[in-house]
Amino acid sequence: MMDFGLERRLASEFIGTAFLAGTVVGSGIMAASLTGDTALTLLANSIATGAILVALITVLGPISGGHFNPAVSLVFAISRGLTWREFMLYTAAQITGGLAGTISVHLMFDHALIAASEKMRSGGAQWFSEFVASFGLIFIILAGLRVARGAVPWLVGLYITAAYWFTASTSFANPAIAIARSITDTFSGIRPADLPGFILAEIAGAAAGLAVSAWLLKGRAAAP
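Here's what I pulled together on the structure shown here. Note that the structure is a prediction, hence the values are computed from the model and not measured.

1. Observations concerning the packing of aromatic side chains
Then, in step 1: This structure, assessed with the given rule, holds 5 aromatic pairs.
Then, in step 2: Taking the centre distance of 6.5 Å and the plane angle of 0° together, the rings of Phe135 and Phe139 count as stacked. Here the residue Phe135 and the residue Phe139 both occupy positions in helix H5 (residues 124-147), the gap between them amounting to 4 residues, near one helical turn.
Then, in step 3: Note on Phe135: relative accessible area 25%, which makes it partly exposed.
Then, in step 4: The positively charged end of Lys119 is found above the aromatic ring belonging to Phe187, 4.6 Å away from the centroid.
Then, in step 5: Cation over ring: Arg181 sits above Phe172, and NZ or CZ is 3.5 Å from the ring centre.

In structure tokens form, the structure reads like this:
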């Protein structure tokens, strides 16, 4: 990957996470207002999220890696793809970008700029769902980098679209996006009080995904 410098890499992570959060929240607002049907809203929400991930990772991946997710950045820090200082800065850029994305969508849809969500997402089933969703995301990314590097944007977009539907939590799989969704009292929201359980489950799932992929793909050189 060409070295774009840390400043531009952080800008890339901020912009990408802002658009990702904006798409998650905005498509939920739009679909809910147009359909009034939970299943159709989730379908629109999942398709929009998968699509924006393909676009963002394709164009911003060569700049910053296209993480847009502290759990992904943590995995790369553990595997020495990022320094720990870079990890902290990436995480700060991702969290602030996610918050900016949600606030921007609220402005577009004439909502209060910040509204703490009242949507409860708690309990063992939800946390396990986030563990599974994050495990799968990290595994898809790391395996994709080994066997089909050019397809990674599509692999991630398709995986998240599917995971919206096979996980009870609708696959947040991203601490920065979870935080961004805590300030919107709309379809995609999550109560601030439920964030710790989600974030811990996401980190645990990411760590497990790293461990399993390292074992399964041991000795496999990265794809060009």
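Now that the structure is up, let's keep going.
2. Observations concerning helix H1 (residues 6-35)
Then, in step 1: Taking 1.5 Å of rise per residue, the 30 residues of H1 would be expected to cover 44 Å, and the 43 Å separating its terminal C-alpha atoms lies within 8% of that figure.
Then, in step 2: Note on H1: the residue one or two positions beyond its end, Gly36, has a positive phi of about 65°.

Definitions and cut-offs
Residues numbered from 1 in each chain as written. Predicted model: local features only at pLDDT ≥ 70, side-chain atom pairs only at ≥ 80, totals over all residues. Heavy atoms only, no water. Phe/Tyr/Trp six-rings, centres within 6.5 Å; stacked < 30°, edge-to-face > 60°. Helix = DSSP H or I, 4+ residues; strand = E, 2+ residues; numbered from the N terminus. Buried < 20%, exposed > 50% of the residue type's maximum accessible area, 1.4 Å probe, protein only. Lys NZ or Arg CZ within 6 Å of the ring centre and 35° of its normal. Expected span 1.5 Å × (residues − 1).

Fair warning: the whole summary comes from geometry, so function is off the table for now.
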